[in-house]
Amino acid sequence: MTTGQLAHRRDPAREVLARRSARLNVATLAYNVLEGAVAIAAGLVSGSVALVGFGLDSVIELAASGTALWRLRADVDPARREASERMGLRIIGALFLALAAYVAYDAVNVLVLRRAPSQSTIGIVLAALSLLVMPVLARAKRLVALEMGSGTLVAEAKQTSLCAYLSAILLGGLLVNAVLGWWWADPVAALAMVPIIAREGFAGVRGHSACADDCC
């Protein structure tokens, strides 16, 4: 395709949406760098598997947002756009499955060995903050993704929504442990994350986001 032909096929409205999506993903990247570092550090200090798992989810979200940005770079070319859609979904799906496997293994290990985590005020504050921030980002990214008709971007927005769900689960587990001293609430909360994560992972590896049908 010549430069003139490519320019003729440009869609200014779609380019505006792509830039908006890119900005939202950059914002997600920035927040998740902070979220991941704090969560993993606080989790290691307190011995909280759910908090460490939450931090690793932030790392997964970094990779997912990076995949979304890669997908957006290919948006100008319809042929590359279709190929990047398939590849992007599979990459994000594989990242979900890796996270699900780690969280399941570590949570079961904690339950078997009965390793009680200490209280984590930092973890509680972080989970509460993420519960406020992530739904806003997820909704904004999902709306843009649906306008663009991109299953990959919808899947990435779903991952951000998942972070909000995990924030709620994590916050509940940490609060129960802090208030009632139920040490097992932390790994049980971590295990509650696994089916949610794995469902999205298997859907992505098959090249189909659980939310992609909304793009039709």
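If you're wondering where the values come from, they're calculated on a predicted model, not measured in any experiment.

Undergrad: Before we move on, can you summarise the overall build of the protein chain with the specific residues and values?
TA: Regarding its fold elements, the protein chain presents seven helices and zero strands. Its helices and strands taken in sequence order, the protein chain reads α-α-α-α-α-α-α from the N to the C terminus. The 216 residues of the protein chain split such that 47% are buried. Long-range pairs, those at least 24 residues apart, make up 80% of the contacts in the protein chain with a sequence separation of at least 6.

Undergrad: Tell me what's going on with the nonpolar core, and back it up with residues and numbers.
TA: Ranked by internal contacts, the top residues of the largest apolar core, which has 45 residues, are F54, M148, L170 and I197. Here this core gets nine residues from one element, more than from any other, and that element is helix α6 (residues 151-180). The contacts of F54, once residues within four sequence positions are left out, are E35, A39, L126, S130, C163, L166, S167 and L170.

Undergrad: So what's going on with the packing of aromatic side chains? Residues and values would help.
TA: With the rule as written, the count across this model stands at one aromatic pair. Here the aromatic rings of W182 and W184 are separated by 5.3 Å at their centres, their planes lie at 15°, and the arrangement is stacked. Using a relative accessible area of 38% as the deciding quantity, one classes W184 as partly exposed.

Undergrad: Go over the confidence of the model for the protein chain with me, naming the residues and quoting the values.
TA: Detailed reading of the predicted coordinates is not advisable wherever pLDDT falls low. Averaged over the protein chain, the pLDDT score is 81; the fraction of residues at 70 or greater is 87%. Looking at the elements of the protein chain, mean pLDDT is at its lowest for helix α1 (residues 3-9), recorded as 48, and at its highest for helix α5 (residues 121-148), recorded as 91.

Undergrad: With reference to specific residues and values, describe the side chain of N32.
TA: Take N32: it is sitting in helix α2 (residues 12-46). Judged by relative accessible area, which is 1%, N32 ranks as buried. Setting aside chain neighbours within four positions, we find N32 in contact with S58, E61, L62 and M134.

Undergrad: Tell me about the side chain of T160, and please be specific about residues and values.
TA: Along the chain, T160 falls in helix α6. A polar atom in the side chain of T160 sits 2.8 Å from the side chain of E61. Apart from residues lying up to four places away in sequence, T160 is in contact with T28, E61, M134, L137, A138 and K141.

Undergrad: Tell me about the pattern of salt bridges, and please be specific about residues and values.
TA: The full count for this structure, using the stated rule, is two salt bridges. For K141, the salt bridge is made with E61, and the minimal N-O distance between the two is 3.4 Å. Of the two residues, K141 sits in helix α5 while E61 sits in helix α3 (residues 49-73), which places them 80 residues apart along the sequence. Both residues of the pair, K141 and E61, belong to the buried class. The closest approach of N and O atoms between K141 and E156, which form a salt bridge, is 2.9 Å. Here E156 lies in helix α6 and K141 lies in helix α5, a separation of 15 residues in the sequence. Three or more residues joined by partner-sharing salt bridges are found here, namely E61, K141 and E156.

Undergrad: Any chance you could break down a nonpolar patch on the surface for me, citing the residues and the numbers?
TA: Together, V179, L180, W182, W184 and V188 make up a nonpolar patch on the protein surface, roughly 490 Å² of accessible area in all. Relative to the elements of secondary structure, V179 occurs in helix α6.

Undergrad: So, α6: which residues are in play, and what are the values?
TA: For α6, built from 30 residues, the straight-helix expectation of 44 Å at 1.5 Å per residue is met to within 8% by its first-to-last C-alpha distance of 43 Å. Directly after α6, the chain includes G181, whose backbone phi takes a positive value near 75°.

Cut-offs and rules
- Residues numbered from 1 in each chain as written.
- Predicted model: local features only at pLDDT ≥ 70, side-chain atom pairs only at ≥ 80, totals over all residues.
- Heavy atoms only, no water.
- Helix = DSSP H or I, 4+ residues; strand = E, 2+ residues; numbered from the N terminus.
- Buried < 20%, exposed > 50% of the residue type's maximum accessible area, 1.4 Å probe, protein only.
- Contact = heavy atoms within 4.5 Å.
- Core = buried A, V, L, I, M, F, W, Y, C linked by side-chain atoms within 4.5 Å.
- Phe/Tyr/Trp six-rings, centres within 6.5 Å; stacked < 30°, edge-to-face > 60°.
- pLDDT = per-residue confidence, 0-100.
- Polar contact = N/O pair within 3.5 Å; in protein donor to acceptor, adjacent residues only side chain to side chain.
- Salt bridge = Lys/Arg side-chain N within 4 Å of Asp/Glu carboxyl O.
- Patch = residues over 30% accessible without salt bridge, like charges linked within 9 Å, V, L, I, M, F, W, Y side chains within 5 Å.
- Areas by Shrake-Rupley, 256 points an atom, 1.4 Å probe, with all protein chains shown as cover.
- Expected span 1.5 Å × (residues − 1).

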